[in-house]
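# A structural walkthrough
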Amino acid sequence: MNFVSRISVALPLLALAAAPMASGLSAQELEPQGGEVLTTVYGAAPVDLSGMPAGPEIEGIITARKGDKMQVTTTDGASTVITISDGTEIRGTGGFLGLSRDKLAKNSLLNGLPVSVATVQWGGSTLIASKVTLKSKDLKVARMIRNGTAQGFAEQTAATDALRSRVADIDNYNVKGTTNVYFDTGKYNLSDQARADLCAAASQASATDNAILLVVGYTDSTGNYEFNQTLSEKRATRVVNYLQQQCGWKPYRMLTPTGMAEADPAADNSTEEGKAQNRRVAVNILVSKAVDGIAGEL
């Protein structure tokens, strides 16, 4: 099993599900992505938000959530940490012409959810959400992604792609680890060692906050391009199927597998040892830079 510590990979953002974590802190100092430290505020956020100076209205996607804090990332890649108060009004819109409105609880603010947030300023530059508006159909999708239900999976897949396309500018991921599994010449069946390594990789990814998997198949230089392209895709697909069916990895936490044929060789194809290293599938554990490390900041 080989691990890569930190590499940038250009990919579309996937809406991720992360369980909210309770915060027992009485004082919190937040450092947003721009590096400016927000004012430290003591005590719980106020319930009565009337009379507070208005803050900016922020429209984007929730890219991190913990306790009474959430991070909202806009289409230009800017991220803002916002406090949720008991006085925050959370509304879902839908129905005919989108006119019906339902009052929602704080636990409805899930990762991957598009929202429009009206804010007020508290204690200097800390922002509290006075009102959060979202579409009920987006909330339904976010709940399906989080719960991983089989029901409505086709709808979930299409909707996940739609959510992902909303933030196309946020396309950088950090690679937290890579596991390579190897194949015999011209084959795409998994060895016993490969099966064990794949479930170990899934276990490692499960312990990594907000992780998704990218599976990429490769071949050595034996055979022509068309054969190797098909073979690399079959290897990647076989690995994906095993991860999902035997290792318990959820389909919505995996990017589309890719076959790269003999491109990007790991070793010299002029030797048998090198070819053996190139007949591989790489399972990459990815975390979006938009959310990487946010659990430690909130």
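This text gives an overview of the structure that appears in the document. Bear in mind that the values here come from a model prediction, so they are computed numbers and not experimental data. (Residues numbered from 1 in each chain as written. Predicted model: local features only at pLDDT ≥ 70, side-chain atom pairs only at ≥ 80, totals over all residues. Heavy atoms only, no water.)

## Some words on the overall build of the protein
Counting its regular elements, the protein contains six helices and 13 strands. Within the protein, contacts between residues at least 6 apart in sequence are counted, and of these 74% link residues at least 24 apart. Total accessible area computed for the protein in this model is approximately 14500 Å², and 50% of it derives from carbon and sulfur atoms. (Helix = DSSP H or I, 4+ residues; strand = E, 2+ residues; numbered from the N terminus. Contact = heavy atoms within 4.5 Å. Areas by Shrake-Rupley, 256 points an atom, 1.4 Å probe, with all protein chains shown as cover.)

## Remarks on the nonpolar core
Leu198, Leu213, Val215, Val239 and Leu243 are the most contacted members of the largest nonpolar core, which totals 22 residues. Going through the elements one at a time, helix H3 (192–206), strand S11 (212–217), helix H4 (225–245) and strand S13 (280–288) are the ones with two or more residues in this core. The biggest single contributor to this core is H4, with five residues. Formed by 18 residues, the second largest nonpolar core is a distinct cluster that contains Ile62, Met70, Leu104 and Leu109. (Core = buried A, V, L, I, M, F, W, Y, C linked by side-chain atoms within 4.5 Å. Buried < 20%, exposed > 50% of the residue type's maximum accessible area, 1.4 Å probe, protein only.)

## Notes on the pattern of salt bridges
Overall, the coordinates contain five salt bridges when judged by the stated rule. Salt-bridge contacts for Asp86 lead to Lys106; the nearest nitrogen and oxygen are separated by 2.8 Å. Taken as a pair, Asp86 in strand S6 (residues 79–94) and Lys106 in the loop between strand S7 (100–103) and strand S8 (114–122) lie far apart in primary sequence, 20 residues in all. Of the residues examined, Asp86 reaches a relative accessible area of 60% and is grouped as exposed. On the basis of relative accessibility, which here comes to 33%, the residue Lys106 falls in the partly exposed class. (Salt bridge = Lys/Arg side-chain N within 4 Å of Asp/Glu carboxyl O.)

## Re the state of the cysteines
Summed over all chains, the structure comprises one disulfide. Disulfide partner of Cys199: Cys247, at an S-S distance of 2.2 Å. Since a negative S-S torsion denotes a left-handed disulfide, the Cys199-Cys247 link at about -85° is left-handed. Of this pair, Cys199 sits in helix H3 while Cys247 sits in the loop between H4 and strand S12 (258–259), placing them 48 residues apart in sequence. (Disulfide = S-S within 2.5 Å.)

## Quick notes on H4
In this model, H4 (21 residues) spans 30 Å end to end at C-alpha, consistent with the 30 Å of a helix rising 1.5 Å per residue. Among all positions of H4, only Asn228, Gln229, Leu231, Ser232, Arg235, Ala236, Val239, Val240, Tyr242 and Leu243 are buried. (Expected span 1.5 Å × (residues − 1).)

## Side note on the packing of aromatic side chains
This structure, assessed with the given rule, holds zero aromatic pairs. One Lys or Arg, Arg280, reaches over the ring of Tyr218 and ends 3.8 Å from the middle of that ring. (Phe/Tyr/Trp six-rings, centres within 6.5 Å; stacked < 30°, edge-to-face > 60°. Lys NZ or Arg CZ within 6 Å of the ring centre and 35° of its normal.)

## Considerations on the environment of Asn269
Checked against the element boundaries, Asn269 lands in the loop between S12 and helix H5 (272–278). The class for Asn269 is buried, based on a relative accessible area of 17%. With 50 residues separating them along the chain, Asn269 and Thr219 place their C-alpha atoms 10.0 Å apart. Leaving out residues up to four positions away in the same chain, Asn269 has contacts with Asp220, Ser221, Lys275 and Asn278. Within polar-contact distance, the side chain of Asn269 engages the backbone nitrogen of Ser221 at 3.4 Å. (Polar contact = N/O pair within 3.5 Å; in protein donor to acceptor, adjacent residues only side chain to side chain.)

## Regarding the pairing of strand S4 (residues 54–66)
As paired elements, S4 and S8 share six bridges and run antiparallel to each other. Pairing of Gly60 across the sheet is with Val115, part of S8. For S4 and strand S5 (residues 69–73), the ladder comprises five bridges, and the chain directions are antiparallel. By the bridge assignment, Ala64 is partnered in S5 with Gln71. Remark: two residues form the turn of the hairpin made by S4 and S5, two consecutive strands paired antiparallel; Gly67 in that turn has positive phi of roughly 55°. (Pairing = 2+ DSSP bridges.)

## Re H3
Between its first and last C-alpha atoms H3 spans 22 Å; for 15 residues at 1.5 Å apiece the expected length is 21 Å, and the two agree. Ala194, Asp197, Leu198, Ala201, Ala202 and Ala205 are the residues of H3 that are buried. Down the axis of H3, the buried side of the element spans an arc of 140°, and every buried residue falls inside it. Facing away from the buried side of H3 by over 90 degrees, the exposed positions are Asp192 and Gln193. (Arc of directions from axis to C-beta.)

## A short note on unusual backbone geometry
The backbone of Asn210 sits at a positive phi, close to 65°, despite the residue not being glycine. The residue Asn210 is located in the loop between H3 and S11 in this model. Using a relative accessible area of 13% as the deciding quantity, one classes Asn210 as buried. Backbone geometry at Ala261 places phi at a positive 50°, although glycine is not the residue there.

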